[in-house]
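Below are the chains, spelled out letter by letter.
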Amino acid sequence: MNSAPISRLSWVLAGLGVGLGSAIIYGFPAQIIDIVYLFAACQVVVCLAISARYNKPDRVLWPALFILAIALVSAQVWDPLVDTTDQLQVAPESLYLLVQVTLAIGLLFIIRRRIGNDPISVLGDGLIAALGSWFLIWVLLLQPTLESSNASVAVTAIQGATLATSAIVLFSLATLLFGDASRTPSVWLIAGAITFTLVGDFLFAAHESGRVQIDEKFSTASYVLCLFLCSAAFVHPTISTITIHGPTRSARPLLGRLITTTAALTVPVVVLALSEPVDNNDRTVRAVSIFVLTIAVTARVIHAVRANAITQRALVVSAQTDALTGLPNRSLMLTHVHSALATAEFDGRHPSVLFIDVDRFKNINDSLGHQAGDDVLIAVSQRLENALPDRCIVGRISGDEFVILDPGTRGTSDAMLIADTILESFNEPLSLRQGDVFVSTSIGVATYKQHVSSTADDLLRHADTAMYRAKDAGRNCVAIFDESMLERVTQRLAIETSLYRALERRELRLVHQPIIDVDLGDVVGFEALMRWTREDGSIVSPAEFIPIAEETGTIVPIGAWALLEALTHLRGWINEGICSRDATMSVNVSPRQLHDPNFVPVVHEALLRSHIAPDQLWLEVTEGVMIAQPDQALDTLTRLCEYGVRVAIDDFGTGYSSLSLLQKFPIQRLKIDQSFIHGLADDLGARSLVRTIIAMGDSLGLDMVAEGVETAAQLRALVDLRCSKAQGYLISHPVAPSMMATTIASLEQFGGWSKTKGQNPNS
Ligand code: C2E
Ligand code: MG
Ligand code: MG
């Protein structure tokens with residue numbers, strides 16, 4: 001059944017309860033009140049049946065509720081039939097007691113399931129509220145009732161027990177509302193029902209005690225409202241989750257708890273001060289109650305103070321610990337380095353900091369997923385801790401960056417031994433849930449040196465700088481910090497700044513390297529390669545400035561310029577008859593450009609302005625493009641391919657691309673990385689690797705280009721392996737556009753590569 005109508009029924013019942021309660025107070029005659037009362041009790045049974053059918057409340061709770069309802073109805077039927085002094089009055093009173101006891105047990109059961117993260121404090125506050133209420137119940141209701149009651153001793157005792165149980169019910173209600181589980185409509189409706197039954201009990205008891213004259217209709221109205229709220233709570237669909245803790249509330253009911261417990265403590269004390277005990281029994285009950293209350297409050301205060309201290313400690317620890325690995329974080333590592341430096345001066349030690357970065361971690365994250373990335377970081381942290389002597393402290397300061405402090409080194413050579421141990425420890429693969437993974441690390445080392453690396457901050461920064469040097473040196477190695485590295489950092493910063501201006505200052509230019517057809521020997525295309533001559537005449541290699549341009553985003557305008565410039569050069573050569581009309585131009589494209597929404601229009605415009613057909617343009621992307629944010633790259637490349645532009649994978653074999661990615665991406669060419677070509681002539685392993693790559697490319701229908709061909713032997717090997725195209729210093733170095741005519745002329749003059757197969761006409 002849809003939950004909407006049943007939840008509506010629940011609110012109708014609550015409304016009906018309020019209406020009937022008000023009507024009783026404002027003037028129903030006594031006989032009708034009795035009928036209404038009976039009707040209210042009966043409808044609870046019906047609603048329970050509806051709830052059991054549709055809401056399926058907890059299996060333990062449901063029978064308890066049923067006993068509750070049946071006991072209530074029986075008591076209702078019985079009560080008007082007997083006189084208060086009658087011995088038979090024991091029966092309905094016992095049923096009321098049964099109702100109260102079942103209610104208390106049911107509530108305690110719900111609370112046990114719903115109680116939050118700090119059960120002791122919730123139960124403690126509930127207990128204080130209940131003890132305070134008990135004290136008031138005793139002084140204001142129970143004691144006077146016992147004193148003045150003309151009912152039999154048994155009836156008075158049962159009534160007293162019922163009222164005493166109210167304190168437990170109150171305790172349960174308080175803990176239900178004090179807990180940190182979020183309150184559903186059913187919780188609120190039950191809380192309302194219990195509140196009204198307690199109000200009814202107190203009004204009734206106050207009336208019985210003879211202290212105040214309260215018309216019985218008020219307590220009856222409270223009971224009727226309570227019964228309807230009960231039904232509304234049972235019928236509401238959220239009753240099925242009442243015994244589940246559910247989501248934790250963000251705003252905890254701390255203020256409400258504080259007010260209630262303070263009132264529960266102060267009101268009895270005030271009452272105690274203002275009223276005299278009536279007899280010895282009264283005195284004993286008061287003394288015991290206040291004693292227990294004091295103990296509860298003291299225990300609660302002790303618990304609160306201890307909990308606060310634990311929370312404070314946990315906060316400090318979490319502020320200084322990396323949540324993933326449990327290692328010290330940056331701030332704690334700095335503190336450790338700082339204290340190591342403070343004592344180093346006195347005992348002649350030179351503490352060292354090792355900055356460790358996991359190589360190609362981004363690839364692991366992108367290809368295996370973030371969960372695997374996290375597992376790698378945890379495994380790396382464990383490997384480091386196991387590999388190092390106890391005196392060393394390992395910390396994780398961000399992403400894939402770890403820092404090790406060795407406070408006991410006497411110089412750089414000691415630190416180098418530690419670094420070597422670390423490198424060696426990664427010779428074995430990391431065993432993850434996903435399988436074995438090999439990782440390597442790049443390590444930067446900085447050792448305390450007066451006036452150079454003398455503060456904690458310096459040591460960390462210098463080790464970081466050295467680590468970048470280790471990365472530049474090819475990864476999986478160690479670099480030791482020296483002052484010249486700082487100059488490099490400054491230099492890098494200078495490159496970064498002047499790169500912004502390089503384009504408008506016309507400091508960038510393109511050179512081109514011919515690509516030949518291995519069989520025919522003809523130049524079939526060119527690769528455009530960027531060159532940057534700075535203001536002072538120094539030439540910066542693309543390997544140095546392209547990564548910076550990518551990082552800073554300058555590659556987007558620079559790349560757009562290169563595209564138009566390269567195609568314009570090709571148009572010029574075609575027009576001048578330097579190359580064939582269908583020669584192609586390959587332009588390198590970085591991932592950042594593919595993620596630029598303007599890239600496709602930029603390519604269109606360059607082709608239109610240069611009058612070059614789309615199939616004469618090859619875009620060279622690296623394997624990384626298929627791994628990091630592949631969807632966006634795939635979308636851009638697909639749109640360009642639909643337009644006719646072709647895509648080549650550059651430096652193939654150096655990345656982590658999988659065969660499935662190769663199939664998924666619209667690729668028409670593989671460029672075999674020069675590292676494989678170098679060993680081609682004399683290394684059998686390299687040869688069979690290249691053979692496999694070519695066979696795979698052929699089977700996927702891809703055009704194959706060998707990069708970095710430097711010797712005739714390599715070219716001959718490529719002919720044997722049936723690689724269709726090649727480029728490299730053997731054929732031609734990259735040349736300026738103005739030199740292309742003479743370069744191609746000398747290539748042709750020599751008679752083409754098909755005939756010579758491996759002798760450079762230019763050499
Ligand atoms: P790449 O695209 O793989 O380019 C081939 C690189 O190998 C070029 O280095 C080229 O000069 C060099 N090379 C060519 N033949 C030989 C050879 O026989 N032996 C050796 N050892 N090297 C050879 P270059 O010009 O320094 O470019 C380096 C890299 O910079 C390029 O690698 C490319 O990834 C990037 N790059 C260059 N120009 C651009 C550009 O306009 N845009 C982008 N995004 N990247 C570019
Ligand atoms: Mg390239
Ligand atoms: Mg390449």
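Residues numbered from 1 in each chain as written. Chains lettered and ligands numbered in written order. Predicted model: local features only at pLDDT ≥ 70, side-chain atom pairs only at ≥ 80, totals over all residues. Heavy atoms only, no water.

So, the overall build of the protein
Right, on to step 1. The helix and strand tally for the protein stands at 28 helices and 16 strands.
Right, on to step 2. Taking 763 residues into account, the globule formula puts the C-alpha radius of gyration at 27 Å, and the protein, at 42 Å, lies well above it.
Right, on to step 3. Across its three principal axes, the protein shows a C-alpha extent of roughly 130 × 70 × 50 Å.
Right, on to step 4. Sequence separation of at least 24 residues holds for 72% of the intrachain contacts in the protein that already meet a minimum separation of 6.
Right, on to step 5. Summing over all exposed atoms, the protein offers an accessible surface of approximately 35,800 Å²; the carbon and sulfur share of this is 59%. (Helix = DSSP H or I, 4+ residues; strand = E, 2+ residues; numbered from the N terminus. Rg over C-alpha atoms; globule rule 2.2 N^0.38 Å. Contact = heavy atoms within 4.5 Å. Areas by Shrake-Rupley, 256 points an atom, 1.4 Å probe, with all protein chains shown as cover.)

Brief notes about the environment of Gly408
Right, on to step 1. Examined against the element boundaries, Gly408 turns out to sit in the loop between β3 (401–406) and α14 (412–425).
Right, on to step 2. Judged by its relative accessible area of 26%, Gly408 falls in the partly exposed class.
Right, on to step 3. Separated by 80 residues in the primary sequence, Gly408 and Arg488 have C-alpha atoms spaced 29 Å apart. (Buried < 20%, exposed > 50% of the residue type's maximum accessible area, 1.4 Å probe, protein only.)

Details of the site of ligand 1
Right, on to step 1. Lining the immediate surroundings of ligand 1 are 21 residues, of which Glu527, Asn588, Asp650, Glu710 and Tyr729 lie closest.
Right, on to step 2. Here Tyr729 contributes a backbone N or O atom positioned 2.8 Å from an oxygen atom of ligand 1.
Right, on to step 3. Out of a free accessible area of 790 Å², ligand 1 has 83% covered by protein chains.
Right, on to step 4. The dominant element in the shell around ligand 1, judged by the number of residues it contributes, is strand β9 (residues 523–533), at four residues.
Right, on to step 5. A per-class count over the shell around ligand 1 returns eight nonpolar, six polar and seven charged. (Near = heavy atom within 4 Å. Polar contact = N/O pair within 3.5 Å; in protein donor to acceptor, adjacent residues only side chain to side chain. Nonpolar A, V, L, I, M, F, W, Y, C, P; charged D, E, K, R; others polar.)

Section: the packing of aromatic side chains
Right, on to step 1. Applying the stated criterion to the full structure yields five aromatic pairs.
Right, on to step 2. An angle of 5° between the planes, with centres 6.3 Å apart, marks the rings of Tyr37 and Tyr223 as stacked. Taken together, the residues span a long stretch of sequence, with Tyr37 in helix α2 (residues 30–54) and Tyr223 in helix α8 (residues 216–235) at a distance of 186 residues. Accessibility assignment for this pair places Tyr37 and Tyr223 in one class, buried.
Right, on to step 3. Centre to centre, the rings of Phe39 and Phe228 are 6.2 Å apart; their planes meet at 50°, and the pair counts as tilted. Here Phe228 lies in helix α8 and Phe39 lies in helix α2, a separation of 189 residues in the sequence.
Right, on to step 4. Of the residues examined, Phe228 reaches a relative accessible area of 0% and is grouped as buried. (Phe/Tyr/Trp six-rings, centres within 6.5 Å; stacked < 30°, edge-to-face > 60°.)

Section: the confidence of the model for the protein
Right, on to step 1. With 92% of its residues at a pLDDT of 70 or more, the protein shows a mean pLDDT of 85.
Right, on to step 2. Element-level pLDDT for the protein is lowest in helix α28 (residues 753–756), with a mean of 45, against a maximum mean of 98 in strand β11 (residues 584–588).
Right, on to step 3. Counted against residues more than four places away or in other chains, residues 753–758, with its pLDDT under 50, gives 22 contacts. (pLDDT = per-residue confidence, 0-100.)

Quick word on the nonpolar core
Right, on to step 1. Ranked by size, the top nonpolar core spans 81 residues in total, and within it Phe526, Leu570, Met585, Leu617 and Leu718 carry the most contacts.
Right, on to step 2. Per-element accounting of this core gives the leading share, nine residues, to helix α18 (residues 555–576).
Right, on to step 3. Apart from residues lying up to four places away in sequence, Leu718 is in contact with Ile677, Leu680, Ala706, Val709, Cys723 and Ala726.
Right, on to step 4. Counting residues in hydrophobic clusters, the runner-up holds 54 residues, among them Ile6, Ala14, Ile33 and Phe234. (Core = buried A, V, L, I, M, F, W, Y, C linked by side-chain atoms within 4.5 Å.)

Focus on the sheet that holds β3
Right, on to step 1. Strand order in the open sheet made by the five strands is β2-β3-β1-β6-β7, with mixed pairing throughout. Two strands lie at the open edges of the sheet, namely β2 (393–398) and β7 (478–480), each paired on one side alone. On average, each strand axis in the sheet is inclined to that of its neighbour by 20°, with strand direction left out of account.
Right, on to step 2. Examined bridge by bridge, strand β1 (residues 352–358) and strand β6 (residues 441–447) share seven bridges and lie antiparallel to one another. What sits directly across from Val358, in β6, is Thr441.
Right, on to step 3. Along the sheet face, helix α15 (residues 456–472) touches β1, β3, β6 and β7 and points at about 140° away from the line of β6. (Pairing = 2+ DSSP bridges. Axes fitted to C-alpha atoms, helices over the stretch in contact; angles between N-to-C directions.)

Details of the coordination of the magnesium ion (ligand 3)
Right, on to step 1. Within the first shell, the magnesium ion (ligand 3) binds the protein through Asp650 (OD), Asp651 (OD), Glu707 (OE) and Glu707 (OE), at distances of 1.9 to 2.7 Å.
Right, on to step 2. Between consecutive donors of the magnesium ion (ligand 3), the numbers of intervening residues give the motif D-D-x55-E.
Right, on to step 3. Between the magnesium ion (ligand 3) and the magnesium ion (ligand 2), a separation of 4.0 Å is found, and both are coordinated by Asp650.
Right, on to step 4. Exposure remark for Asp650: the relative accessible area of 7% places this residue in the buried category.
Right, on to step 5. Overall, Asp651 belongs to the partly exposed group, its relative accessible area being 27%. (Donors = N, O, S within 2.8 Å, 3.2 Å for Na, K, Ca; no water.)

What about the coordination of the magnesium ion (ligand 2)?
Right, on to step 1. Protein coordination of the magnesium ion (ligand 2) is provided by Glu527 (OE), Asn588 (OD1), Glu620 (OE) and Asp650 (OD), with donor distances spanning 2.0 to 2.2 Å.
Right, on to step 2. Here the donor residues of the magnesium ion (ligand 2) are spaced in sequence according to E-x60-N-x31-E-x29-D.

Brief notes about the packing of α15 against helix α16 (residues 483–502)
Right, on to step 1. As a packed pair, α15 and α16 sit with axes 10 Å apart at the nearest point and diverge in direction by 75°. Overall, the two elements α15 and α16 adopt an arrangement that is roughly perpendicular. Across the interface between the two elements, His462, Thr465, Ala466, Arg469 and Asp472 from α15 touch Met485, Leu486, Arg488 and Val489 from α16.
Right, on to step 2. In the contact of α15 with α16, the residues fall into four nonpolar, two polar and three charged. (Parallel < 35°, antiparallel > 145°, perpendicular 65-115°, else oblique.)

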